[in-house]
Amino acid sequence: MRAALLQLSSGDDPEANLPVTMGMVQRAVDQGAQLVLTPEVTNCVSASRTRQQQVLRHENDDPTLAAMTGAAKKAGVWILIGSLALKTDDADGRFANRSFLIAPDGQVAARYDKIHMFDVQVSETETYRESAGYRPGDRAVLARAGDAMLGMTICYDLRFAHLYRDLAQAGADVLAVPSAFSPVTGDAHWQPLLRARAIETGCFLLAPAQTGTHAASRGRARQTHGHSLAVAPWGEVLLDAGTDPGVHVVDLDLSRVAQARSRVPSLTHDRDYEPPDA
Ligand SMILES: O=C(O)CNC(=O)[C@H](CS)NC(=O)CCC(=O)C(=O)O
């Protein structure tokens with residue numbers, strides 16, 4: 001299966017981002033991709049709730065989702081939109097950080113709302129409070145995409161190893177981690193975490209990422225780490241997209257999943273044990 005990872009540098013104007021993103025989807029299709037993956041918050045990277053309130057739409061009215069379903073159908077490919085920031089009808093007014101798997105017939109095959117919220121002070125000057133803006137999901141999602149069983153996760157989820165183990169034990173052979181990683185944590189943790197999740201699960205890890213400098217809020221421009229990554233089930237890095245926006249294709253030999261797991265079958269060796277004393 002040929003996958004394409006789109007590395008984006010989305011701004012805070014969904015209408016301006018859309019033609020750039022769709023141009024890259026077309027390049028991926030031209031390169032023979034059967035599964036096209038985009039990063040977290042493909043439609044809008046913004047840390048301003050006022051701005052988001054102005055430009056974000058509901059799922060049934062979102063131009064990026066509509067364009068993607070159209071493109072999937074026209075080209076007959078699978079598309080994983082890493083996530084869209086969307087308005088919801090929730091009483092507390094928070095947005096959804098929602099990933100979509102679109103089938104080659106243009107139908108939405110699966111949706112996943114990011115479970116773990118990035119409420120973290122990464123340095124003295126850099127704090128994220130994702131749960132203030134977004135309502136977390138509470139359901140893990142596994143879906144078929146062609147020959148692959150795809151586990152859907154997003155960004156900060158990457159730090160919760162049990163989610164990946166659960167998805168793999170439920171049948172995943174490819175795990176998607178669309179992201180908008182911070183530069184500070186990205187330098188230290190991004191690649192080792194992705195390689196660890198691949199090794200632990202015997203899955204391919206596909207992690208399309210936001211990169212570069214995004215719209216400023218409260219005077220501070222937001223940066224993301226880039227380095228979209230594909231990792232094989234044995235842990236080798238198949239692709240590192242560096243820091244420029246672009247399209248990168250990678251061929252996945254899905255038989256490598258069973259190979260890796262037969263060499264080290266740790267996924268089937270869980271045991272029950274007493275928890276440590278408090
Ligand atoms: O802000 C939005 O609109 C969408 N959400 C994100 O981009 C989120 C929260 S700021 N980013 C992450 O989860 C980065 C995780 C990370 O960097 C780490 O785990 O170290």
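The numbers attached to residues start from 1 for each chain and follow its sequence in the written order. Totals for whole chains, interfaces and linings use every residue, but because this is a predicted model, local features are given only for residues with pLDDT of at least 70 and side-chain atom pairs only at 80 or more, for both listing and counting. With hydrogens and water stripped out, all remaining heavy atoms of the structure feed into the side-chain values.

Peer 1: Just give me the short version of the nonpolar core, but keep the residues and values in it.
Peer 2: With 50 residues, the main nonpolar core has Leu101, Leu194 and Leu206 as its most contacted residues. Should any heavy atoms of two residues lie within 4.5 Å, those residues are considered in contact. With near-sequence residues (within four places) excluded, Leu101 lies in contact with Trp78, Ile79, Leu80, Gln107, Val108, Ala109, Ala110, Ala143, Arg144, Ala145, Leu150 and Met152. Residues Leu8, Met22, Leu65 and Val77 belong to the second largest nonpolar core, which totals 22 residues. Note on terminology: a nonpolar core comprises buried Ala, Val, Leu, Ile, Met, Phe, Trp, Tyr and Cys residues joined through side-chain atoms within 4.5 Å. The buried label applies to any residue whose accessible area, calculated with a 1.4 Å probe on protein chains only, is under 20% of its type's maximum; exposed applies above 50%, and partly exposed to all values in between.

Peer 1: Requested: an account of helix α6 (residues 183-201), with residues and values cited.
Peer 2: Helix and strand assignments come from DSSP, with helices taken as H or I runs of at least 4 residues and strands as E runs of at least 2, each series counted from the N terminus. Helix span is expected to be 1.5 Å times the residue number reduced by one. The end-to-end C-alpha separation of α6 is 26 Å, in line with the 27 Å expected for 19 residues at 1.5 Å each. In α6, a bend of some 50 degrees at His189 exceeds every other bend along the element, and Pro192, a proline, comes one to four places later. Looking only at α6, the buried set comprises Thr185, Gly186, Trp190, Leu193, Leu194, Arg197, Ala198 and Thr201. Note on α6: the residue one or two positions beyond its end, Gly202, has a positive phi of about 65 degrees. Take the seven residues that end at a residue and the seven that start at it, fit an axis to each, and the angle between those axes is the bend at that residue.

Peer 1: Can you explain the site of the ligand? Please cite residues and give values.
Peer 2: Around the ligand there are 17 residues in total, and Lys114, Tyr134, Arg159, Thr185 and Arg222 lie nearest to it. Whenever a nitrogen or oxygen atom comes within 3.5 Å of another N or O atom, the pair is scored as a polar contact, on the condition that within protein one atom can donate a hydrogen and the other can accept it, and that pairs from neighbouring residues in sequence are kept only if both atoms are in side chains. Interatomic distance of 2.6 Å between a side-chain N/O atom of Tyr134 and an oxygen atom of the ligand. Note that an oxygen atom of the ligand is positioned 2.7 Å from one of the side-chain N or O atoms of Arg159. To measure how exposed things are, a 1.4 Å probe is used in the Shrake-Rupley method; for residues, cover is taken only from the protein chains shown. Taking 490 Å² as the accessible area of the ligand by itself, protein coverage stands at 97%. Points on a 1 Å grid over protein atoms alone make up a cavity when a 1.4 Å probe fits among them but cannot get out, and a pocket when they form an open set with protein on both sides within 12 Å along at least five of seven lines; lining residues each have an atom within 4 Å of a point. A cavity or pocket is said to hold a molecule if more than half of that molecule's atoms lie within 2 Å of its grid points. Judged by its atoms lying within 2 Å of the grid points, the ligand is housed in the largest pocket. Counted by class, the shell around the ligand contains eight nonpolar, four polar and five charged residues. Only a single heavy atom is needed: when it lies within 4 Å of a molecule or strand, its residue is near that molecule or strand. Three classes are used: nonpolar for Ala, Val, Leu, Ile, Met, Phe, Trp, Tyr, Cys and Pro, charged for Asp, Glu, Lys and Arg, and polar for all others, with Gly counted as polar.

Peer 1: For the layout of surface pockets, give the residues involved together with the corresponding values.
Peer 2: The space that makes up the largest pocket amounts to roughly 790 Å³. Considering the residues around the largest pocket, the lining is formed by 29 residues, among which Ala47, Thr127, Tyr128, Arg129 and Arg222 are closest to the centre. Going through the elements one at a time, α2 (49-55), β7 (126-129), α4 (130-133), β12 (211-217) and β13 (220-225) are the ones with two or more residues in the lining of the largest pocket. Looking at the lining of the largest pocket residue by residue, the class counts come to twelve nonpolar, eight polar and nine charged. Grid points are joined across faces, edges and corners, and a volume is the space filled by probe spheres set on the points.

Peer 1: Tell me what's going on with the environment of Met1, and back it up with residues and numbers.
Peer 2: With respect to the helices and strands, the residue Met1 is situated in the segment before β1 (2-7). Between the alpha carbons of Met1 and Val77 there is a distance of 11 Å; along the sequence they are 76 residues apart.

Peer 1: I'd like a rundown of unusual backbone geometry, residues and numbers included.
Peer 2: The phi dihedral of Val41 falls on the positive side, at around 40 degrees, and the residue is not glycine. As for its placement among the helices and strands, Val41 is situated in the loop between β2 (35-37) and α2. In this structure, Cys155 takes a positive phi of about 45 degrees despite not being glycine.

Peer 1: Any details on empty space enclosed by the protein? Residues and values, ideally.
Peer 2: Taken as a whole and assessed by the stated rule, the structure comprises one cavity of 30 Å³ or more. Of the volumes computed, that of the largest cavity is approximately 50 Å³. Lining the largest cavity, in full, are Phe118, Cys155, Tyr156, Arg159, Ala180, Phe181, Ser182 and Thr185. When the residues that make up the lining of the largest cavity are grouped by side-chain class, the tally is five nonpolar, two polar and one charged.

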